[in-house]
Amino acid sequence: MGKKINPLGFRLGTNQNHRSLWFAQPKSYSRDLQEDEKIRDCIKNYVQKNRRISSGFEGIAHIEIQKKIDLIQVIIHIGFPNLLIEGRTRGIYELQTDVKKGFHSVNRRLNIAITRVTKPYGQPNILAEYIALQLKNRVSFRKAMKRAIELTEQADTKGIQVQIGGRIDGKEIARVEWVREGRVPLQTIRAKIDHCFYPVRTIYGVLGIKIWIFVDEQ
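Residues numbered from 1 in each chain as written. Predicted model: local features only at pLDDT ≥ 70, side-chain atom pairs only at ≥ 80, totals over all residues. Heavy atoms only, no water.

Draft legend 1. Spotlight on the packing of aromatic side chains. Here the structure, examined in full by the defined rule, presents one aromatic pair. Directly above the aromatic system of Trp 22 lies the positively charged group of Lys 67, at a separation of 4.9 Å from the ring centroid. (Phe/Tyr/Trp six-rings, centres within 6.5 Å; stacked < 30°, edge-to-face > 60°. Lys NZ or Arg CZ within 6 Å of the ring centre and 35° of its normal.)

Next comes the structure, spelled out in structure tokens:
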């Protein structure tokens, strides 16, 4: 019964917050929603183009968007020191101009800020990206899941569940494999659980990675 709902939406108002904060009239709501999606896509594409080859992945935990009458504030929560932004003074300015090209905002300024995540391997998006990179490099899915669980132990989490679905290892019939370590109480609302879904393209087809991380209980 409790498996069908998104754990983040289920806990909004108790221990989870919205990733987008703005108010819109019903007529312009869909346009603003698409604008948010464009901003997030532009940032991810820019990071993928300009990242270091040795770093492997972007390391973006999540992106917050706050909209006011004359300002769009974007806060990027990043897991690792990224050469593309932190090493260059012009990095944020270039990112702002790149994002502005993606959508039309005549009367509003765009401001981008970057905050460092203290425990990057406690973030499901970064872990999912790590597993996706391993699967693309033909590493066994069991090894990739086990290694991801070992990384979360460094972040002092109380439990994790990792699920991979699709044509795993190139088998003809799609299946779902999952592994759990510790407690993951999905039906307890006071339990803070971070969740993400991350699709990964492999040579056999698209695989879906889902991660649930039990952070803390209030």
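Draft legend 2. Structural context of the sheet that holds strand β8 (residues 205-217). With respect to topology, four strands assemble into an open sheet ordered β6-β5-β8-β7, the strand pairing being antiparallel. Bordering the open sheet on either side are β6 (175-182) and β7 (191-202), each of which pairs with just one other strand. Neighbour to neighbour, the strand axes of the sheet diverge by 10° on average, direction disregarded. Judged from the seven bridges that link them, strand β5 (residues 159-166) and β8 form a sheet pairing that is antiparallel. Bridging across to β8, Val 162 finds its partner in Ile 211. Relative to β7, helix α5 (residues 124-136) is tilted by about 25°, and along the sheet it contacts β5, β7 and β8. (Pairing = 2+ DSSP bridges. Helix = DSSP H or I, 4+ residues; strand = E, 2+ residues; numbered from the N terminus. Axes fitted to C-alpha atoms, helices over the stretch in contact; angles between N-to-C directions. Contact = heavy atoms within 4.5 Å.)

Draft legend 3. A look at α5. Under the 1.5 Å per step criterion, the end-to-end length of α5 is 18 Å for 13 residues, consistent within 8% with the ideal 18 Å. In terms of residue burial, α5 counts as a mostly covered element, since 10 of its 13 residues are buried. Buried residues of α5: Pro 124, Ile 126, Leu 127, Ala 128, Glu 129, Tyr 130, Ile 131, Ala 132, Gln 134 and Leu 135, and no others. Buried residues in α5 make contact with β2 (60-67), α6 (141-153), β5, β7 and β8. (Expected span 1.5 Å × (residues − 1). Buried < 20%, exposed > 50% of the residue type's maximum accessible area, 1.4 Å probe, protein only.)

Draft legend 4. Structural view of the nonpolar core. Counting 23 residues, the largest nonpolar core has Leu 127, Ile 131, Leu 135, Ile 164, Ile 209 and Ile 211 as its most contacted members. For this core, the elements supplying multiple residues, two or more each, are α5, α6, β5, β7 and β8. Apart from residues no more than four positions distant in its own chain, Ile 209 is found in contact with Ala 128, Ile 131, Ala 132, Leu 135, Gln 163, Ile 164, Cys 196, Phe 197, Tyr 198 and Val 200. Grouped together as the second largest cluster of nonpolar side chains are 16 residues, Cys 42, Ile 43, Ile 60 and Leu 95 included. (Core = buried A, V, L, I, M, F, W, Y, C linked by side-chain atoms within 4.5 Å.)

Draft legend 5. Local environment of a nonpolar patch on the surface. A grouping of Ile 5, Phe 10 and Ile 189 is seen on the molecular surface, where their side chains present a nonpolar patch of about 230 Å² in accessible area. Here Ile 5 is to be found in the segment before α1 (7-10). Assessed through its relative accessible area of 43%, Ile 5 is described here as partly exposed. (Patch = residues over 30% accessible without salt bridge, like charges linked within 9 Å, V, L, I, M, F, W, Y side chains within 5 Å. Areas by Shrake-Rupley, 256 points an atom, 1.4 Å probe, with all protein chains shown as cover. Salt bridge = Lys/Arg side-chain N within 4 Å of Asp/Glu carboxyl O.)

Draft legend 6. Representation of the side chain of Lys 67 in the model. By the element assignment, Lys 67 lies in strand β2. Those residues in contact with Lys 67 that sit more than four places away from it in its chain are Leu 21, Trp 22, Asp 32, Glu 35, Asp 36, Ile 72 and Arg 108.

Draft legend 7. Local environment of the packing of α5 against α6. As a packed pair, α5 and α6 sit with axes 9 Å apart at the nearest point and diverge in direction by 150°. Viewed along their axes, α5 and α6 adopt a mutual orientation that is roughly antiparallel. Where α5 crosses over α6, the two elements pack in a sense that is right-handed. Listed contacts from α6 to Leu 127, Tyr 130, Ile 131, Gln 134 and Leu 135 of α5 are Phe 141, Ala 144, Arg 147, Ala 148, Leu 151 and Thr 152. Within the contact of α5 with α6, the residues separate by chemical class into eight nonpolar, two polar and one charged. (Parallel < 35°, antiparallel > 145°, perpendicular 65-115°, else oblique. Left-handed = near helix turned anticlockwise from the far one by under 90°. Nonpolar A, V, L, I, M, F, W, Y, C, P; charged D, E, K, R; others polar.)

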